[in-house]
Amino acid sequence: MVNDEQLNKSYMQNFIPITRPWITEGDIQAVTDVLRTGMLVQGAKVAELEYQVSKYLGTKEAVAVSSGTATLHLILKAYGISKGDEVIVPAFSFVATANVVELVGAKPVFVDINIETLNIDVAQIEEKITDRTKAIIPVHEFGLASDAKAVMQLCKKHDLLLIEDAACALGAGLEQKKTGTLGNAASFSFHPRKAITSGEGGMIVTDDSDLAEKCRILRNHGIDSNKGKTGFVEAGFNYRMTDFQAALLLSQLPRLEEIMSAKDKIVERYLNEIVHPSIELPVIPKGYRHSWQSFHIIVNHLSQTEAVEKLRKSGIGANYGAQCIPEVDFYKNKYGFEPEKEFPNAHKAFHKGLVIPLYPQMTSEEITHVIQSINSL
Ligand SMILES: *Cc1c(COP(=O)(O)O)cnc(C)c1O
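Residues numbered from 1 in each chain as written. Predicted model: local features only at pLDDT ≥ 70, side-chain atom pairs only at ≥ 80, totals over all residues. Heavy atoms only, no water.

(A) Representation of unusual backbone geometry in the model. Positive phi values are uncommon outside glycine, yet Asp 159 reaches one of about 55°. Along the chain, the position of Asp 159 falls in the loop between α6 (148–158) and β6 (161–165). (Helix = DSSP H or I, 4+ residues; strand = E, 2+ residues; numbered from the N terminus.)

(B) Highlighting the site of the ligand. Close contacts around the ligand come from 14 residues, with Gly 68, Thr 69, Asp 165, Ser 189 and Lys 194 the closest. Taking Asp 165, its side chain carries an N or O atom lying 2.8 Å from a nitrogen atom of the ligand. Here an oxygen atom of the ligand sits 2.7 Å away from a polar atom, N or O, in the side chain of Lys 194. Here the ligand occupies the largest pocket. (Near = heavy atom within 4 Å. Polar contact = N/O pair within 3.5 Å; in protein donor to acceptor, adjacent residues only side chain to side chain. 1 Å grid on protein atoms, 1.4 Å probe; cavity = no way out; pocket = protein on both sides within 12 Å on 5 of 7 lines; lining within 4 Å. Sits in = over half its atoms within 2 Å of the grid points.)

(C) A look at the packing of helix α9 (residues 256–273) against helix α14 (residues 364–375). Contact pair α9 / α14: the axes reach a minimum separation of 10 Å and the direction vectors enclose 30°. With respect to α14, the axis of α9 lies roughly parallel. Crossing of α9 over α14 shows right-handed handedness. In this structure, α9 uses Ile 266, Arg 269, Tyr 270 and Glu 273 to contact α14, whose residues at the interface are Ser 364, Ile 367, Thr 368, Val 370, Ile 371 and Asn 375. Grouping the amino acids of the contact of α9 with α14 by side-chain chemistry returns 5 nonpolar, 3 polar and 2 charged. (Axes fitted to C-alpha atoms, helices over the stretch in contact; angles between N-to-C directions. Parallel < 35°, antiparallel > 145°, perpendicular 65-115°, else oblique. Left-handed = near helix turned anticlockwise from the far one by under 90°. Contact = heavy atoms within 4.5 Å. Nonpolar A, V, L, I, M, F, W, Y, C, P; charged D, E, K, R; others polar.)

(D) How the structure looks around the side chain of Glu 102. Among the secondary structure elements, Glu 102 is positioned in helix α5 (residues 96–103). Look at Glu 102 and you get buried, because its relative accessible area is 15%. Once residues within four sequence positions are removed from consideration, Glu 102 is found in contact with Pro 108, Phe 330, Tyr 331, Lys 334 and Tyr 335. (Buried < 20%, exposed > 50% of the residue type's maximum accessible area, 1.4 Å probe, protein only.)

(E) Local environment of the nonpolar core. Ranked by internal contacts, the top residues of the largest apolar core, which has 46 residues, are Leu 74, Leu 76, Phe 92, Val 101, Phe 110 and Tyr 331. Looking at this core, the elements with two or more residues in it are β1 (61–65), α4 (68–78), β2 (86–90), α5, α7 (209–219) and α13 (344–352). Examining the composition of this core, we find that 6 residues originate from one element, α4, more than from any other. Apart from the residues lying within four places of it in its own chain, the contact partners of Leu 74 are Val 65, Ile 204, Cys 215, Leu 218, Arg 219, Phe 237 and Tyr 239. Judged by nonpolar contacts, the second largest core, of 26 residues, contains Trp 292, Val 299, Ile 316 and Ile 367. (Core = buried A, V, L, I, M, F, W, Y, C linked by side-chain atoms within 4.5 Å.)

(F) Spotlight on the packing of aromatic side chains. Tallied over the entire structure, the rule returns 11 aromatic pairs. Centre to centre, the rings of Phe 237 and Tyr 239 are 4.7 Å apart; their planes meet at 5°, and the pair counts as stacked. For Phe 237, a relative accessible area of 19% corresponds to the buried category. Aromatic rings pair up to connect Phe 110, Phe 330, Tyr 331, Tyr 335, Phe 337 and Phe 343 into one cluster. Lying over the aromatic face of Tyr 56, Lys 178 brings its terminal NZ or CZ to 4.6 Å of the ring centre. Here the guanidinium or amino end of Arg 255 rests over the ring plane of Trp 22, the centre of that ring lying 4.7 Å away. (Phe/Tyr/Trp six-rings, centres within 6.5 Å; stacked < 30°, edge-to-face > 60°. Lys NZ or Arg CZ within 6 Å of the ring centre and 35° of its normal.)

(G) Representation of the state of the cysteines within the structure. Applying the stated criterion to the full structure yields 0 disulfides. The structure places no disulfide on Cys 168, whose sulfur is separated from the nearest cysteine sulfur, that of Cys 324, by 17 Å. The class of Cys 168 is buried, set by a relative accessible area of 14%. Residue Cys 215 stays outside any disulfide, its sulfur separated by 18 Å from that of Cys 155, the closest cysteine. (Disulfide = S-S within 2.5 Å.)

(H) How the structure looks around the pairing of β2. Along β2, 5 of the 5 residues are buried, which leaves the element largely enclosed by surrounding structure. Neither face of β2 is exposed, since Glu 86, Ile 88 and Pro 90 on one face and Val 87 and Val 89 on the opposite face are all buried. Two strands pair when backbone bridges link them, and β2 and strand β4 (residues 107–111) are joined in this way by 5 bridges, in the parallel orientation. Within the sheet, the bridge partner assigned to Val 87 lies in β4 and is Pro 108. Bridging between β2 and strand β5 (residues 133–136) involves 3 bridges; their strand directions are parallel. In the sheet register, Ile 88 faces β5, and the bridge partner there is Ile 136. (Pairing = 2+ DSSP bridges.)

(I) Main features of the layout of surface pockets. Of the volumes computed, that of the largest pocket is approximately 510 Å³. Forming the walls of the largest pocket are 27 residues, and the residues nearest its centre are Phe 94, His 191, Arg 193, Lys 194 and Gln 293. Looking at the lining of the largest pocket, the elements with two or more residues in it are α4 and α5. In terms of residue count, α4 provides more of the lining of the largest pocket than any other element does, 3 residues in total. A breakdown of the residues in the lining of the largest pocket according to their chemical character gives 10 nonpolar, 12 polar and 5 charged. Put simply, the second largest pocket is a space of about 170 Å³. When the residues that make up the lining of the second largest pocket are grouped by side-chain class, the tally is 9 nonpolar, 4 polar and 3 charged. (Points joined across faces, edges and corners; volume = space filled by probe spheres on them.)

Quick look at the structure:
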């Protein structure tokens, strides 16, 4: 008989987590090289990273900051979105997508998702547009681009900004266009749950040079470097990225395609070999390049807790993928939502959805073990 402690130990040793950052010796070397220079914050490496990301995406501007949340906060602030304004966001996303709207004093207006793509249901957007609406933030959930073309048509018709929350979607795209280039401005995150990571980090990309300039000023205490020592022109933030974080990203960026194709191969096995009458697999609409930040399934026949517990006992990490934001305490209490009625798909994804392990270093035995464990749920 093994006792709980032994059992837990063996889980930890053989545990297959939801994700695991891929850090090479070369990445570590790149970081220590910066540490040895003594120049730690927003210097040459940050500038080089911005150049490389804008080159990769083909955008005019890239502005590195301290997190994905900071990118969205700066974009909204720089566009002057504030009290009295409304911003449309999907009801199912990481809570930060709505928090940033609250942070600038505006009101997030939630729209339910399409249950197959898990992205904002474009057909339900227009009824939520009012004369206070200033922007729409579609999220490319789990690395699948939302239907930004259709959202852009609405934005043009109603004179709104399209701000992509592309936190999960570096490398993703639709019809030859990369996410990050589909609207007025976009936000990427480099949290360890995303494809490449600096621990914490984010990047604003845009073709709007005025916006980029405002974001550069706001990320650095409001300093306009052209204006001398009194040139603190805004009450800004400290949202700078460090140079060792930028070096870590610069070292990983050339591996992005490799990371995505390694994930593609795992996903191909998941899509072919996970066969269960009560489990729904992700759907990839035609013409889309999924970056597979997460592989998200819907488990209909078990409670989320039961499914997570069963998988954990098999040494497999699983968790809900994102929040039904109108259902979390702050939003529910502030706005009195009835999530089940108003946002049934977001509610379902929040309570029936699970993300399962997906990262390039998974061995074929581990992939097989995940597939078999899910098939026997
Ligand atoms: C990760 C994530 C964020 C926040 O990024 P951080 O870098 O963790 O601040 C925002 N939106 C979405 C959709 C995310 O997945």
